[in-house]
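Chain by chain, the residues run as shown.
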Amino acid sequence: MMKKIFNKILIIPVVAGFISCTDLDLVPIDEDASTSANFFDSPEAYQQALAKIYGGLYLTGNDGPAGAGDINTPDEGATGYLRMYQWHQVLSTEEAFVGSNFGDLNIRDFQNHQWTANTFPMGELFSRFYYQIANANAFVAQASSSENATIQGYVAEARFLRALSYWHALDLFRTIPLITDEDGVGAFLPEQATPQETFDFIESELLAIEDLLPDPGDVTYYPRATKGAAQMLLAKLYLNAQVYTGTARFDEAAAYTNSVIAHSSYGLEPNYDHLFLADNDQSTELIFVVAQDGTAGTSYGGSAFFANASVGGTMPRSEFGVGGWGGIRTTSTFVDKFMDDNVDDTFDEDAAIDNRANFWVDSQGGKEITDLGSFQGGGYAITKFKNVDRSGNPGASNEFVDTDYPIFRLADAYLMYAELFLRNAANTDATIALGYVNDVRERAYGDNSGNIALGDLTLDFIIDERARELYWESHRRTDLIRFGIFSGGAYTWPLKGGDANLLNGTATGPERDYFPIPAKDLNANPNLKPSDGY
C-alpha cells in the first residue's frame, strides 16, 4: 500500500543543519549531522527532508513516541503538533471534556475557558508551529533553485505545509510572527505581523502553488498534498476571513469550495464509520489527512489520542483495537444535538436513527456530568475513532493506531457550500445546497428519512449539522467563532467558563476567541506584544 511506503519514509531522520531556528525552544534534530551543503545531494535526500515536514504534523521527534524530541518539553508524548491542536480545537468546545487521569497538564483550562499565557501546553504548540515553519522555510530556500521537476513539486508541497501551519497559527493566535524562506538561515528575533499580513501571505502562497501540486487522482505516494488540498485550505481561509481580517470573502470561499467538489476523484464514503477506521486510506472522501501507522511511525497524538483516550469503563477494548486510557467524554449539550425534543432525557443507542451518534452509554452514569474525576462519572463516551479495519481486524498495535486523521474531507465541503449559500455567496444555488446537505444526511440515516426541506436550511441548522458530521475533527472551535457563539453567553455548555455545578456554562469574554501569545515567547522575544485581553 502507498500508505505503508510513505510512512516508512516518514521516520527517516533528516539533518538539522539547515533548520533556521527562530524559537529559543527549538533543538537540533541531530547535533552531529552534516550541513545542508552536502546533505541535499540527491532527489531521495530532498524526499527525506520533505517527509520530515509531513511527519512533523504527527511525530514528535526521531525516536518513536518519545526520545530525541524536536522541541524542548517536559512531556514529549503529550506535546505533538496534532495532539495539542486537537486540545485547542476540541476540548475548548462542547464536543469533549477531560476527566479521570487526564486532569494534569493544565488541559482542563481549555474546557473551562480559563487559559492564560502561561497555560501548558499552549507554548509547546506555538513552538511546534514554528518548528514546522522553520523546516519548511529551510527546505524551500534550499530546493527552489533546483531545475529538477520532481524537486520543484516537493517545493510546492513544502509551501502548502507551511501555509497549513500558518493558517493554524493565525486561527488560534491571530497576531503572530511571519517568517519566510527569504529571511535567511540563522537565529533572529522576528517581528509580529498583523492578522491581515499573515492572511495575505497564506493566500498568496496557496494561489502560487495551486497549479503546481498534483491533481487528486495523480498522486504517487500517500498522503500527498494535492491541488484539492490547496483549494480546500483556500476555501477555509476565505470562509473565516471576516474573523481574521474584518472583511468577508464568502464569494472566494464559494469559488474554491466549488473547485474542490468538482474534482472527480472525490466521493462521499458510503459508510460514515469507515472514515475513522484503520483502513480509512481506502476512502475517496478524504482530501488531506495526517497519516498514522502503528508500527512505522508511532506517536501518542492524532487518531491515537482520540481512539485511546475515549475508551474506558465497560467498553470492550478488543472492539476498538486499543488499550484505552479512559480520559475524555462528551457533554450533554453535544449529545442533545442527536436527540429529538419529544423523547426522554436518556439517549437510546438502539433507537438512534442518525448513524453518526457514536456514543457509549452503558455504565457511564448518564449524559450529565456528576463526577469530573471518574470516567464513569456522567458524560457519554464517544466511539468514533477506532483502530480496527472494516472487517473488524485490529491494527498492528493496540497502543499506536493505523487510523489516519482527517484534516479535510468532502462532506465538510458540502456543508461549507450550504453555509455559503445562506451567506449569499456568489455562484451558489438553493437546490444544489439542499442537495449536498441531504446527501450527507442520507448517509447518516441510511435513507431519506432524515432529509430536510429548503425552509429548514438555516444557519442555525448548519452549525448543528457541522457538529453532528465533523465532531472531533478539529473544526468546532473555528466554526463556533465564525458563527459568533464561542465566547459570550448566547451559547453555553457544561464547564464553559469554569461553571462549578458541572451542568451549565457561563459567559466568557471576547478575548477567548483567540489564544494569547505564550509568556515564554514574550519573554524570549521583545518584538512580540501580549495579545489583547491577556
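Here the structure is shown first, and the text comes after it.
Here the structure is a predicted model, which is why all the values come from computation and not from measurement.

Colleague: Teacher, can you tell me more about the environment of Ser 449 here?
Modeller: Tracing the sequence through the fold places Ser 449 in the loop between α16 (430-445) and α17 (459-470). Taking the C-alpha atoms as reference, Ser 449 lies 9.9 Å from Asn 438; in sequence the two are eleven residues apart. At 2.5 Å, the side chain of Ser 449 forms a polar contact with the side chain of Asp 447.

Colleague: For this particular structure, what's the right way to read the pattern of salt bridges?
Modeller: Overall, the coordinates contain 34 salt bridges when judged by the stated rule. For Glu 285, the salt bridge identified is with Arg 443, shortest N-O distance 2.4 Å. Highlighted residues: Glu 285 in the loop between α11 (250-262) and β2 (286-290) and Arg 443 in helix α16, separated in sequence by 158 residues. The pair Glu 285 / Arg 443 is uniform in exposure class, with both members buried. Salt-bridge contacts for Asp 464 lead to Lys 337; the nearest nitrogen and oxygen are separated by 3.0 Å. Linking Asp 464 in helix α17 with Lys 337 in the loop between α14 (332-335) and β4 (359-360), this pair joins segments that are 127 residues apart in sequence.

Colleague: Looking at this structure, how should I read helix α3 (residues 43-55)?
Modeller: In an α-helix there are 3.6 residues to a turn, and that puts residues three or four apart on one side. With 13 residues, α3 ought to run about 18 Å at 1.5 Å a step, and its terminal C-alpha atoms sit 18 Å apart, in line with that. Of all the residues in α3, the buried ones are Ala 45, Tyr 46, Ala 49, Leu 50, Ala 51, Lys 52, Ile 53, Tyr 54 and Gly 55.

Colleague: Whenever I open this one, unusual backbone geometry confuses me. Can you help?
Modeller: Most peptide bonds adopt trans geometry, and most residues besides glycine take a negative phi value. Along the chain, Phe 120 connects to Pro 121 via a cis peptide bond; the corresponding omega equals 10 degrees. By the element assignment, Pro 121 lies in the loop between α5 (108-112) and α6 (122-143). Notably, Asn 427 is not glycine yet its phi reads approximately 60 degrees, a positive angle. Not every positive phi belongs to a glycine, and Trp 472 is a case in point at roughly 65 degrees. The topology assignment puts Trp 472 in the loop between α17 and α18 (476-482). By relative accessible area, which is 0% here, Trp 472 ends up buried.

Reading the values: the criteria
- Residues numbered from 1 in each chain as written.
- Predicted model: local features only at pLDDT ≥ 70, side-chain atom pairs only at ≥ 80, totals over all residues.
- Heavy atoms only, no water.
- Helix = DSSP H or I, 4+ residues; strand = E, 2+ residues; numbered from the N terminus.
- Polar contact = N/O pair within 3.5 Å; in protein donor to acceptor, adjacent residues only side chain to side chain.
- Salt bridge = Lys/Arg side-chain N within 4 Å of Asp/Glu carboxyl O.
- Buried < 20%, exposed > 50% of the residue type's maximum accessible area, 1.4 Å probe, protein only.
- Expected span 1.5 Å × (residues − 1).

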